[in-house]
Each structure stands twice: as C-alpha cells, then as structure tokens.
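Survey of secondary and tertiary structure
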Amino acid sequence: MDTNPQNDFLSSARILLHDTFGYTDFRPFQAEIITALLQKRSVLALMPTGAGKSMCYQIPALMADGVSIVISPLIALMDDQVAALRLAGVNAAALHSGTQPEQVKKIANDMQQGCLKLLYIAPERAVTQRFLDFITQINISLIAIDEAHCVSQWGHDFRPEYRRLSVLTTRFHNIPTIALTATADLRTRDDIVHYLYLQNAQIFISPFDRANIEYRIVEKNNGKKQLLKFIQSQGKNACGIVYCNSRKKVENIAAFLCEEKINALPYHAGMDNEQRQNNQRRFSLEDGIVMVATVAFGMGIDKPDVRFVAHLDMPPSIERFYQESGRAGRDGQSAISWLCYGLNDWVLLRQRIEESQASVEQKNIEYIKLAQMLAFCETTDCRRQYLLNCLGEKHNLHNKCDNCDNCIEPPTLFDATVAVQKLLSAIYRCQQRLNVGQIIDILRGKITPEIQEYQGLSVFGVGSEYSERQWRSIVRQCIAKGYLNIAIHQLALHLTPTAADLLKNKQNIHLHIPYEKHQFKPSHTQFFTERQEKLLNALRLWRRQTAESQQVPAFVIFSDKTLTQLVEYMPTTAFELHQIYGLGDAKINAFGEEIMAICRQFKNVQAA
Ligand code: ADP
Ligand code: ZN
C-alpha cells in the first residue's frame, strides 16, 4: 500500500487534471508545485509563457477547503480565466471595476457559504481595508499572485499597486502563497521575494526553451512583401501577431494587409481607447485575426492558439524578443517566430537609445542588449541555443534543435578574409567619415557626387565582385562580430580596436553568404483528407457559434489541439470523448452530444 501522503496528493491531483480539465499528464514542475502548495509551503514559480502556470494553483484550489484568492493585473485576463473555469464546472468569480453590485453580493455570499473555489481580484481591490477585513472571516486556502514581476521596476510592466500586496501577504503569512511570472531575470526575482515577503518560498525555475516554436530570421529586402508572403504561407485561419516599432508603421501595415485580404487589425497606444479594446476583443474572440501592434500589445495576451508572431522590425533586446515571440503557441502546438531585420533597424534603435532620457549607465546597458540582438540575428549557430544562452541557461551552441532556420538549412560559410580586409581598409582610408551606403559605393566603384573626392583612392572599385546586398550582409556581420561600429549622429562607419587586431594578426574570417532561404511551410503541418477538412470547418463553425452565444473566446470552448484530435478520432461515444485532449466531465456534459452529432454526420458519410 502506498502510504506516502505526497503520492496521495498527486494521484488526487491527477484525477482532477483528467476529469475536470481533460489532460492526462502534468507538464514539467506542475506536480512539484502543486505538492508544495498542498503541503502549505509558499512558492515562487518562474515558468515560460504557455508552460501552464494557472494549473499550478487551480488544482490545489480545487483540492483544498475554502476559497483561493488570485491576484491578476488585467480585467480581460481574469474574465477569460473565470469563463474557462466555469465551463470546466468550477465555481470561480472575478471581482473588478466591471463587476455589477448584485454579482458582488453573490460572490460575498458564496464565499461565506464556502462554495466559491477561486476568486480573481485586481491588486488595488485586494489591499483595501474592507476586503482584508472581509476575508479575515473567510476560510482562505491559498493566495496566488499572477504576473508577479509587476512588483519590479526592472521589468517592462511595473505597477505600483503590486507593491502594496505585501499588506496581504504579511497579514496572511500562514496561508500558502504562490507568485507566478514568466520573467526570469535575477533582479526581478529578488524584487518579487523582497516586496511580497516570500523569503521562505520554494523557488521553481522551469527551463525556458519553447520547443514548439520554430525560429526563422530573414534579412529585410522588402519587408512588407516578405511579411505578406509569410502570412499567406500560414493558411487562412492562422491567428498571428505582427510587431512593428512605430505607431505609424502599425497603421500602414495593417491597412496594407487588409488590402491584401488578410483579416488584420491595428493596435497601439495612440489609438482611441474604445477602438483598441474592441480590436483586442476581436482578436481573442475570432478565428484567424492578424493583430498588427506595437509593444503596447503585451501583457495579458493569453490567447493560446496564436500560430505565429512576426517581427517586422528588430526588437531592442533578446528579452523583449523572447517575451514577444513567446506569445505564439501557448497551447503547445507548433508555432513560428519570424523576424525580418535590416541594418537600418539597428541604426534607428541606437538613435532611440541615444535620444532617450536614460542615464549614461542605463544607455550603456541598452547598447549592449541591442548588440546582442544583432548578434542573434547574424549568428550561424542554432538560434534556440543562442537565445537560451542569452537568457542565462548554459547550452552548447553546437547542438542542433532541428527547429530553427540555421538547423534546418545550415548557412553556407565562405572565406571572407579578403573581403573584410577590403572593407576595413576602405573605411580607414576614408577617415571613418562615410556611411554604409557610401562605403559600399566606393568598394563597388560607383561614382556619385557625394564620394567624388574619394575616386582616386586605391580602394576605389576593389570590391566589385560582390553585390550591394552582399556587402550589406558583410557589414552587418562585421558589426555583429564587433569589428565595426556606426557613429550615432553622422552614421559614419568606424573601426573598433578589435578590427585593428584583426588587421594585424591576419587571421582568417568566415562569414555566411546572404541568400533567400526558407521554403515557407505552415506552422501546423497536419494534413487532412477532404472529408476531415469539412469536419474541421463544421466543428470550427460550431465552436465559433457556441463561443458567441456564451460570450467567451473560442479557445475557451476548446483549443486547436482538441479540434485536431476531434477531427482525427471522430468520437461518437462518451468513452471516446473522454480520450480527447482538453475535454473534462463538465464540457462533455455540456457539449458532448452536439460534438458527437457533428462527428457522426461525417463518420457515416465516410462509411457509406
Ligand atoms: P501560462 O500562464 O504559463 O502562460 P496557461 O496556464 O495559460 O500558461 O496554460 C497554457 C495552456 O496549457 C492552457 O490552454 C492550459 O489549459 C494548458 N495546460 C496547462 N496544463 C496542462 C497540462 N498538464 N496538459 C495539457 N495542457 C495543459
Ligand atoms: Zn536550432
């Protein structure tokens, strides 16, 4: 007989996972975190987006007596979670500025009766004297603080009201508390522990790899066209996000995509509030929307079936890139992160840093982060290992992930020693006064009024064997390797001390050849028969109509993975339905008959 209480906890937790949520196995760290909380220990969980953080407190909340308090920063986020829990048959509620007075009464009543399992609440409400006094008389089983990095000024999402949560955590210090975030850096982590009084918490840091995301980086040639081609390759119903670095560009790209019959919407902080919220709502409710956005479209985007995130401009740091690209594929299904970049992006970002109000120290940090980002774009190693190394995990750069452009189609290297020597000496001979375009014109022997005075130099025309595009790629790679830099104001190329060493030591340099790689393939490579396609469309339509009538996002009814399994297995009995990913008892009770009816239509046709 098994007498280990830990195993007892876990087997009950596993039953809940299956019967309520329709999942068969825990994801990494879920079981450990659930066990710790059930043993009344506090936890700090650092897990990447999509790792399944919510389950870590939802299951203990269901297993313990009393109500669990969940602090969440955004109303939309709370409402989605509550809707999903309710569909799974769990009594959950949200308390925020949009909650009607009669609902507030019902919530208070349910809490006193002990029948509410989870209460989602905004931080500013959770720390009011009234609320604190009220919950003192209630049996509280657990406190969960979602997006806990909001306590830290180091992150992008600092919210002063999060700091006040210490009132809650100190007053209820004997109740297990879990702080959750996808931001892993050390300073943020220290801030969370410090401001939320979590010194005794057990810390769980899950690996940051997002294995289901494929990374592809392309050189910008005609960004708009490249983007369109990429989106078109992703199929009609693929939902995605396109990030741009400016509001104007967001508007421009969204309009362009609409003209090209893509269902695109803009999102940026300069838009009228109502329209912005409306666009966000449509993104989360409808199938196949492409949101074109600035960074303002950020926290709280928890739509699990985003199939791609495209960056039409280079992000200013690896952390930002990781965070934004990580919004793809939270459901664990394959997804793509696509980045299109050029040297101009890098120059503009450097100017932005220079012109910002930040201190010199802060600016230097930003320059370093930006340099790392460029190096990531230019690397010939596995993108994934490179990314994870930047995030602080130690990975061997020579391992292959087989799910990034460099692993799938390794870049071809060539001996660029002579080319680099020509480039460096051209820059030197022109007294480091010319910009990239001018230096390339000199190398290629192109006479323009601007560079007439340099025609007599020995370097004039010595590089005509490479095209302009090839030279640009060589320049970028030299910047990424730290041989060259560009002056922020005059944009003149100049040599770094490393370049001098390079010229002296005459070492060989290998660079990669720029070329149009990547045959586009969609992120989801599942192929269906015609009949299956029809079933897929019928189920999708049913899902959309059901979502509309219940006023919840489509993914709350069921996820894309569930959809795919339904098409694959065409369940027509309750037993078969229980084998499908993501369908728990409550959903099967509510929708099982309708789903089976649709599947039967197609199964019968198939048999006929
Ligand atoms: P996070 O908050 O970490 O970004 P979520 O909690 O939103 O992630 O979970 C992402 C998706 O994974 C959700 O659709 C969730 O239902 C699903 N999920 C969570 N745990 C599991 C599991 N053990 N097995 C399968 N799917 C899971
Ligand atoms: Zn790789």
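Summary of the structure given here. Everything numeric here is computed off the predicted structure, so don't read it as measured data.

Thresholds, definitions, all that
Residues numbered from 1 in each chain as written. Chains lettered and ligands numbered in written order. Predicted model: local features only at pLDDT ≥ 70, side-chain atom pairs only at ≥ 80, totals over all residues. Heavy atoms only, no water. Buried < 20%, exposed > 50% of the residue type's maximum accessible area, 1.4 Å probe, protein only. Helix = DSSP H or I, 4+ residues; strand = E, 2+ residues; numbered from the N terminus. Near = heavy atom within 4 Å. Polar contact = N/O pair within 3.5 Å; in protein donor to acceptor, adjacent residues only side chain to side chain. Nonpolar A, V, L, I, M, F, W, Y, C, P; charged D, E, K, R; others polar. Contact = heavy atoms within 4.5 Å. Pairing = 2+ DSSP bridges. Axes fitted to C-alpha atoms, helices over the stretch in contact; angles between N-to-C directions. Phe/Tyr/Trp six-rings, centres within 6.5 Å; stacked < 30°, edge-to-face > 60°. Salt bridge = Lys/Arg side-chain N within 4 Å of Asp/Glu carboxyl O. Donors = N, O, S within 2.8 Å, 3.2 Å for Na, K, Ca; no water. Tetrahedral: all angles 85-135°; square planar, octahedral: opposite > 155°, others 65-115°. Core = buried A, V, L, I, M, F, W, Y, C linked by side-chain atoms within 4.5 Å. Domains from an automatic or database assignment.

**Examining helix α10 (residues 186-195)**
Think of an α-helix as 3.6 residues a turn; residues three or four steps apart then line up on the same face. For α10, every residue scored as buried is listed here: Thr 188, Arg 189, Asp 191, Ile 192 and Val 193. Tyr 197 occupies a position one or two residues after α10 and carries a positive phi of about 55°.

**A few points about the site of ligand 1**
The environment of ligand 1 is made up of 15 residues, and the closest members are Tyr 23, Asp 25, Gly 50, Ser 54 and Arg 330. Within the side chain of Arg 27, an N or O atom sits 3.2 Å from a nitrogen atom of ligand 1. Take Lys 53: an N or O atom from its main chain is 2.9 Å from an oxygen atom of ligand 1. Here the element with the most residues in the shell around ligand 1 is helix α3 (residues 53-63); it accounts for three residues. For the shell around ligand 1, a count of residues per class yields six nonpolar, five polar and four charged.

**Quick notes on helix α17 (residues 383-390)**
In terms of burial, α17 is a largely internal element, six of the eight residues being buried. Taken together, the buried positions of α17 are Arg 383, Arg 384, Gln 385, Tyr 386, Leu 387 and Leu 388. On the buried face of α17, the contacting elements are β8 (213-219), α14 (318-325), α16 (360-378) and α18 (405-408). Positive backbone phi, approximately 100°, marks Gly 392, located one or two places after α17.

**With respect to the sheet that holds strand β1 (residues 43-46)**
Pairing within the open sheet is parallel, and its seven strands lie in the order β3-β4-β2-β5-β6-β1-β7. Both outer strands of the open sheet, β3 (92-95) and β7 (202-205), are each paired with one neighbouring strand and no more. Taking the axes of each pair of neighbouring strands and ignoring which way they run, one obtains an average angle of 15° across the sheet. As paired strands, β3 and strand β4 (residues 118-121) are joined by four bridges and run parallel to one another. Each residue of the ladder has a partner; that of Ala 94, found in β4, is Tyr 120. Along the sheet, helix α5 (residues 101-113) contacts β2 (67-71), β3 and β4; its crossing angle with β3, the most-contacted strand, is approximately 130°.

**A closer look at the packing of aromatic side chains**
Under the counting rule described, the total for this entry stands at 14 aromatic pairs. Centre to centre, the rings of Phe 230 and Phe 308 are 5.3 Å apart; their planes meet at 85°, and the pair counts as edge-to-face. Highlighted residues: Phe 230 in helix α11 (residues 223-232) and Phe 308 in strand β12 (residues 306-311), separated in sequence by 78 residues. Comparing Phe 230 with Phe 308, the two get one shared label, buried.

**Comments concerning the pattern of salt bridges**
According to the stated counting rule, one finds 24 salt bridges in the structure shown. For Lys 106, the salt bridge goes to Asp 110, with nearest N and O atoms at 2.9 Å. Of this pair, Lys 106 and Asp 110 both sit in helix α5, four residues apart, which is roughly one turn of that helix. Given the relative accessible area of 48%, Lys 106 is considered partly exposed. With relative accessibility at 10%, the residue Asp 110 sits in the buried group. Residue Asp 560 is joined to Arg 543 by a salt bridge in which the shortest nitrogen-to-oxygen separation is 3.3 Å. Here Asp 560, found in helix α25 (residues 560-569), pairs with Arg 543, found in helix α23 (residues 530-550); they are 17 residues apart in sequence, far enough to count as distant.

**A closer look at the coordination of the zinc ion (ligand 2)**
Four donors placed tetrahedrally around a metal ideally meet at 109.5 degrees, and six donors placed octahedrally ideally meet at 90 or 180 degrees. At 2.3 to 2.4 Å from the zinc ion (ligand 2) lie its protein donor atoms, namely Cys 382 (SG), Cys 401 (SG), Cys 404 (SG) and Cys 407 (SG). Its four donor atoms give the zinc ion (ligand 2) angles of 100 to 118° at the centre, a pattern that matches the tetrahedral case. For the zinc ion (ligand 2), all donor residues lie on one chain, and their spacing in sequence is C-x18-C-x2-C-x2-C. Looking at Cys 404, the relative accessible area reads 0%, which means it is buried. For Cys 407, a relative accessible area of 7% translates into the label buried.

**Quick notes on the pairing of strand β9 (residues 239-243)**
Within a regular strand, side chains alternate between the sheet's two faces. Across the five residues that make up β9, a large majority, five, are buried. The two faces of β9 match: Cys 239, Ile 241 and Tyr 243 on one face and Gly 240 and Val 242 on the other face are all buried. Where β9 meets β12, five bridges bridge the pair, whose relative direction is parallel. Bridge pairing links Ile 241 to Val 309 in β12. Two strands pair when backbone bridges link them, and β9 and strand β11 (residues 290-293) are joined in this way by four bridges, in the parallel orientation. Across the sheet, residue Ile 241 finds its bridge partner in β11, namely Met 291.

**Describing the nonpolar core**
Counting 79 residues, the largest nonpolar core has Leu 423, Ile 474 and Leu 484 as its most contacted members. When residues in this core are grouped by element, the largest group, seven residues, is from α16. Composition of this core by domain shows at least three residues from each of domain 2 (213-408) and domain 3 (413-512). Sequence-distant contacts of Leu 423, that is, excluding residues within four places in its chain, are made with Ile 439, Leu 443, Trp 471, Ile 474, Val 475, Cys 478 and Leu 484.

Geometric descriptors of this kind do not, in isolation, establish any biological role.
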